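# Results of the structural survey
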Amino acid sequence: MLQVPNGSRAGGGQHPLKGKRVYIPPMGYGSGRTFAAAFRAIGLDADITPPSDHRTRELGAKYTSGDECYPAKVTIGDFMRVLEQPGTDPSKVVLFMPTAEGPCRFGQYATYLRLVLDRNGFPHTQVLSPTSGNAYDGLGDLARPFIRTGWRALVAADIMQKLLLRYRPYEVHKGETEGVYAECLEDVCESIEKSPIDPPVQLRALREALVRARDRFRGIPVRRDPSTPLIGIVGEIFCRLHNFSNENLVRRLEEYEAEAWISDIPEWVWYTTQEQFRKLKLAGRLYSKEALGAWIRKWIQHRDEHFLFQPFREEFAGHEEPSIREVLDYARPYLPVDGAMGEMVLNVGKAVYLAHKGAAGIIDISPFTCMNGIVCEAIYPRVSRDLGGIPIRNFYFDGTQSDLDRDLGVYLELARSYQRRRKPARS
Ligand code: SF4
């Protein structure tokens, strides 16, 4: 049996991923790090791909045809950088490429990556793409502890990111928040990796690490200014969270003295769960074994999330995330939520929610040619009209952005003017 930390056991026999290293392309830096720690918690070697740079774009362009979306280009570029590192044995490399059903090209990327590897002399490099649809193929007996640990890792990263965004724009000493964030992330990753995999013990240990993080953040001297405009960030999940792809848009917004509220990864997880139930209902299988499993998973995930968020009530007061049902209800007047699936529904619904929570503007970050972004862009003018003229703007990225600073400066002026007109002001 494969041994996992602290003597717990998960899985039988010699696990096929043992002796290999799983590489994760991080969407957000923090979530990538905690997710890699979740792999290590179940006894597998894992790390994130090295930080993206110009070589990422070069290799991405070399190994793709030009028709793919920008996130595919970036992740393939980063994977190829791993494989070109001197001394790398491609047969010991496992590339993690999540997949999902949906109306866009994302569902094809794992298959496409396999094709790219086979055509370019890496037939022995494995692609790991576990989903409920393929019974978490590749993880075998480790699937169950991984799903739970992975979820907790994502929630923890989400909390950390929210702390970063709540403190950084107001710090008195420039750079201090990022220093604290880095320390706390290290601590949280260590807790995920080293605490026993036993669910209650693991959960308590993780919450303790998060409380330590909260207390460190509370020690950062800040000067909060209620006139700081809050900007809601929605858009394509990879591009909005991957700083290299979106040219550090959030950092630049903060340079203009704004605060950002970014749609997180758990939102997507809750949405896919909701979709699973909708499809089960359509197929008349709401009372099946599969549905029961999904209900149990949903209940456990809710409970874990609630437990981890509990110590942060004060920090996130006024910044509470909506339930997925609320988001879909807000989207309903603009899109048929059961027909127009995927991120476009989430982005429109979340934009409305954020406006109700006091956002002075909404930015949609999408890759150039992203179908979701294009549909949303057509809908936003109506959303804006219905919300008293809140400025909503799409920013598209493909690695060739021209003058983002200038565009953000103009946009922020519109947001400030909307904030002055609007009543009531931000809570
Ligand atoms: S969401 Fe947009 S960028 Fe992402 S795969 Fe779909 S179409 Fe491409």
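Read on for a plain summary of the structure. Keep in mind it's a predicted model, so treat the numbers as computed, not measured.

This paragraph deals with the overall build of the chain. In terms of regular secondary structure, the chain is built from 15 helices and 8 strands. For the chain, the C-alpha radius of gyration of 21 Å lies close to 22 Å, the compact-globule estimate for 427 residues. Along the longest, intermediate and shortest principal axes, the C-alpha atoms of the chain span 65 × 50 × 45 Å. Summarising the internal contacts of the chain: among those between residues at least 6 apart in sequence, 76% fall at separations of at least 24. Surface accessibility of the chain: about 19,000 Å² in total, with carbon and sulfur atoms responsible for 54%. Taken together, the 57 basic and 54 acidic charged side chains of the chain have centroids lying 4 Å from each other.

Along the chain, Leu206 turns up in helix α7 (residues 199-218). A relative accessible area of 3% means that Leu206 is categorised as buried. Placed 163 residues apart in sequence, Leu206 and Gly43 show a C-alpha to C-alpha distance of 18 Å. Look past the residues within four positions of Leu206 in its chain and what remains in contact with it is Arg152, Ala156, Val188, Ser191, Ile192 and Leu308.

We now examine the sheet that holds strand β2 (residues 45-48). Strand order across the open sheet formed by 4 strands is β2-β1-β3-β4, with parallel pairing between neighbours. What marks the edges here is a single partner per strand, and that holds for β2 and β4 (126-128). Put simply, the sheet's adjacent strands are angled 30° from each other on average, direction ignored. Bridge count for strand β1 (residues 21-24) against strand β3 (residues 93-96) is 3 bridges, and the pairing is parallel. Within the sheet, the bridge partner assigned to Tyr23 lies in β3 and is Leu95. Sheet strands touched by helix α1 (residues 29-41): β1, β2, β3 and β4. Its angle to β2, the strand with the most contacts, is close to 175°. Against the sheet, helix α3 (residues 70-84) contacts β1 and β3, and its axis sits at roughly 170° relative to β3.

Glancing now at the sheet that holds strand β5 (residues 230-235). Pairing is parallel in the open sheet, where 4 strands are placed in the order β6-β5-β7-β8. Strands with a single pairing partner mark the edges of an open sheet, and in this sheet they are β6 (259-262) and β8 (392-397). On average, adjacent strands in this sheet sit at an angle of 30° to one another, irrespective of strand direction. As paired strands, strand β7 (residues 361-367) and β8 are joined by 6 bridges and run parallel to one another. Counterpart to Ser366 in the pairing with β8 is Tyr396.

The next point concerns the pattern of salt bridges. Tallied over the entire structure, the rule returns 36 salt bridges. Between Lys174 and Glu255 there is a salt bridge, with its nearest N and O atoms 3.2 Å apart. Linking Lys174 in the loop between α5 (143-167) and α6 (176-194) with Glu255 in helix α9 (residues 249-255), this pair joins segments that are 81 residues apart in sequence. With a relative accessible area of 65%, Lys174 lands in the exposed category. The network of salt bridges with shared partners includes Asp158, Lys162, Asp264, Glu267, Glu321 and Lys350.

How each quantity is defined
- Residues numbered from 1 in each chain as written.
- Predicted model: local features only at pLDDT ≥ 70, side-chain atom pairs only at ≥ 80, totals over all residues.
- Heavy atoms only, no water.
- Helix = DSSP H or I, 4+ residues; strand = E, 2+ residues; numbered from the N terminus.
- Rg over C-alpha atoms; globule rule 2.2 N^0.38 Å.
- Contact = heavy atoms within 4.5 Å.
- Areas by Shrake-Rupley, 256 points an atom, 1.4 Å probe, with all protein chains shown as cover.
- Lys, Arg positive; Asp, Glu negative; His and termini not counted.
- Charge placed at Lys NZ, Arg CZ, Asp CG, Glu CD.
- Buried < 20%, exposed > 50% of the residue type's maximum accessible area, 1.4 Å probe, protein only.
- Pairing = 2+ DSSP bridges.
- Axes fitted to C-alpha atoms, helices over the stretch in contact; angles between N-to-C directions.
- Salt bridge = Lys/Arg side-chain N within 4 Å of Asp/Glu carboxyl O.

Limitation: the analysis is restricted to geometry and does not speak to function.
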